[in-house]
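Okay, here's what each chain looks like letter by letter:
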Amino acid sequence: MGFREVEVGGKVETKSYTRQYAALWAELSPVLEQVIREDKPILGKAVARFEAALASVHGVAHAVGVGSGTDALILSLRALGVGEGDEVITGAHTFAGVVSAILQAGASPVLVEPDAYGLLGVAGAEAAITPRTRCILPVHFHGHPVDATGLRALADARGLVLLEDVAQAHGATWQGRPVGSFGHAAAMSFHPSKNLGAFGDGGAVLTDDGALAARLRILRNLGKDGKYDFAEVAPNSKLDTLQAALLEVKLRHLPAWVERRRALARRYLAGLEGVGDLELPRVHPDAEHAWHLFVVRTGRREALRAWLAGRGIRTSLHYPTPAHRHPAFAERLGAPSLPRAERLAERVLTLPLSHEHTDAEIDRVIEGVRDFFREA
Ligand SMILES: *Cc1c(COP(=O)(O)O)cnc(C)c1O
């Protein structure tokens, strides 16, 4: 049975899973049926196959599927030996879950103001190093790669580990090389909204280090080494066989999907150039952006957002509360002065962008934004 095409009528949504699965269903449905009939639900053959394919497209030796991107971060930190008493340097303009993951691993987050691209830069990371620093954890935020060669060189020079967060950057490259291949390890998320998303939660860790991969396979599986022996105290956080089978199909489409995102981002950049006080996303010349999110900045965010909503155009915010202002972490982080990160949190607005959007929908958003600044 196929999906009914659901037309979103006059509305422009931020994403549509219905559309995504309608387009994929003929390819996906026999694969899912075969997995349920023939494979094992936990750590089945599809998991091993997807891990091998994922490692291969990133040019790394190993991928280990886990339960979520958050667990990919926490378990990577643990496997890298980062914990109690250690400082982890990360960007202040970020997804707050990264800060949570560092705290859950027992370490202390050190937040650094964003560079000109809104990212953790080499100079900022270097200035934040103390004798307690153990790890640099950059996020390829919104899909824009950080200076991964620069940060790796810094980590190597100072005896630190580099853990990349690739959750928003499937398909991005830095100096022609896939992100996720620069760190001692890289954490990925397959949250449904990501460029490569499961139908539920999922994540993976990429690494070239065989011993690290072996430790992660123990850490994701209750700390069990073999069937009966608990070697470590650890969570149960595995990538499901069914999700892996689905992701294996989607991984083959990822390059075309990211190309489509790039085409739509170019459409936005051309259509919104010089409009009002809008600041458009900039792309570093060494970077190939994955365009997970198309984020503009404006001093009139709330008014623009309401105006677009009035025309049936849905937008979102990534993210309105700076990481250090969340009640859960505020006390642990003290009250750092991070005015650049705070200013971004007040000004960012995410316009609809996915590989499923049509040119006409993006044009409607462009027109809506232009009209807002023309009228106002
Ligand atoms: C989504 C995301 C995560 C967490 O991934 P989950 O799979 O939802 O746990 C981590 N880091 C960043 C930057 C993210 O965008």
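Residues numbered from 1 in each chain as written. Predicted model: local features only at pLDDT ≥ 70, side-chain atom pairs only at ≥ 80, totals over all residues. Heavy atoms only, no water.

Take the overall build of the chain next. Regarding its fold elements, the chain presents 12 helices and 14 strands. In summary, the chain has a C-alpha radius of gyration of 21 Å against a globular reference of 21 Å for 376 residues, a match within 12%. For the chain, the C-alpha atoms occupy an extent of roughly 65 × 55 × 40 Å along the three principal directions. Intrachain contacts of the chain at a sequence separation of at least 6 include 71% that bridge at least 24 residues. Put simply, the chain shows about 16100 Å² of open surface, and 53% of that area lies on carbon and sulfur atoms. Distance between charge centres in the chain, computed from 43 positive and 44 negative side chains, equals 2 Å. (Helix = DSSP H or I, 4+ residues; strand = E, 2+ residues; numbered from the N terminus. Rg over C-alpha atoms; globule rule 2.2 N^0.38 Å. Contact = heavy atoms within 4.5 Å. Areas by Shrake-Rupley, 256 points an atom, 1.4 Å probe, with all protein chains shown as cover. Lys, Arg positive; Asp, Glu negative; His and termini not counted. Charge placed at Lys NZ, Arg CZ, Asp CG, Glu CD.)

Moving on to the sheet that holds strand β3 (residues 108-112). The strands making up a sheet are joined through hydrogen bonds of the backbone, oriented either antiparallel or parallel. Read from one edge of the open sheet, 7 strands run β1-β9-β8-β5-β4-β2-β3, paired in mixed fashion. The open sheet has two edge strands with one neighbour each: β1 (62-66) and β3. Ignoring strand direction, the axes of neighbouring strands in this sheet form an average angle of 25°. Judged from the 5 bridges that link them, strand β2 (residues 87-91) and β3 form a sheet pairing that is parallel. Residue pairing for β3: G91 is matched across the bridge by V112. Seen against the sheet, helix α2 (residues 45-58) touches β1, β8 (185-189) and β9 (203-207) and runs at an angle of roughly 130° to β1. Against the sheet, helix α6 (residues 148-158) engages β4 (133-137) and β5 (161-165), with an angle of about 155° to β5. (Pairing = 2+ DSSP bridges. Axes fitted to C-alpha atoms, helices over the stretch in contact; angles between N-to-C directions.)

The next thing to look at is the site of the ligand. Close to the ligand lie 13 residues; G69, T70, D165, S189 and K194 are nearest. Contacts to the ligand include S189, whose side-chain N or O atom sits 2.6 Å from an oxygen atom. Isolated, the ligand exposes 380 Å² of accessible area, and the fraction of that covered by the protein chains is 92%. In this structure, the ligand is accommodated by the largest pocket. Residues that form the shell around the ligand fall into these classes: 4 nonpolar, 7 polar and 2 charged. (Near = heavy atom within 4 Å. Polar contact = N/O pair within 3.5 Å; in protein donor to acceptor, adjacent residues only side chain to side chain. 1 Å grid on protein atoms, 1.4 Å probe; cavity = no way out; pocket = protein on both sides within 12 Å on 5 of 7 lines; lining within 4 Å. Sits in = over half its atoms within 2 Å of the grid points. Nonpolar A, V, L, I, M, F, W, Y, C, P; charged D, E, K, R; others polar.)

Time to look at the confidence of the model for the chain. Averaged over all residues, the pLDDT of the chain is 96; the fraction at 70 or higher stands at 97%. Predicted confidence in the chain is weakest over helix α10 (residues 327-333), with a mean pLDDT of 91, and strongest over β4, with 99. Confidence over residues 1-8 falls short of pLDDT 50; this stretch has 12 contacts with residues more than four positions distant or in other chains. (pLDDT = per-residue confidence, 0-100.)

The next thing to look at is the sheet that holds strand β12 (residues 287-288). With antiparallel pairing, the 3 strands of this open sheet are ordered in space as β7-β6-β12. In this open sheet, the two strands that pair with only one neighbour each are β7 (177-178) and β12. The pairing of strand β6 (residues 173-174) with β7 spans 2 bridges and is antiparallel. Residue pairing for β7: T173 is matched across the bridge by P178.

Counting buried positions along β4 gives 4 out of 5 residues, so the element sits mostly inside the fold. Summarising the sheet, β2 and β4 pair through 4 bridges and their orientation is parallel. Considered in β4, the bridge of I89 is made with I136. With 2 bridges connecting them, β4 and β5 associate as parallel partners. Bridge pairing links C135 to V161 in β5. (Buried < 20%, exposed > 50% of the residue type's maximum accessible area, 1.4 Å probe, protein only.)

Formed by 73 residues in total, the largest nonpolar core has its most connected members in F50, L54 and F190. Looking at this core, the element that brings in the most residues is helix α3 (residues 69-79), giving 6 residues. Not counting the four nearest positions on each side in its chain, F190 is found in contact with F50, L54, H170, L196, G197, A198, G200, G202, G203, A204, L239 and L247. The next biggest cluster of nonpolar side chains, apart from the first, holds 23 residues, and it includes L264, L353, I362 and V365. (Core = buried A, V, L, I, M, F, W, Y, C linked by side-chain atoms within 4.5 Å.)

Moving on, we get to the layout of surface pockets. Approximately 600 Å³ is the volume attributed to the largest pocket. Lining of the largest pocket is provided by 41 residues; of these, H191, P192, S193, K194 and H292 occupy positions nearest its centre. Elements with a minimum of two residues in the lining of the largest pocket: α1 (17-38), α3, β8, α8 (241-272) and β14 (348-351). Grouping the constituent residues of the lining of the largest pocket by class yields 16 nonpolar, 18 polar and 7 charged. (Points joined across faces, edges and corners; volume = space filled by probe spheres on them.)

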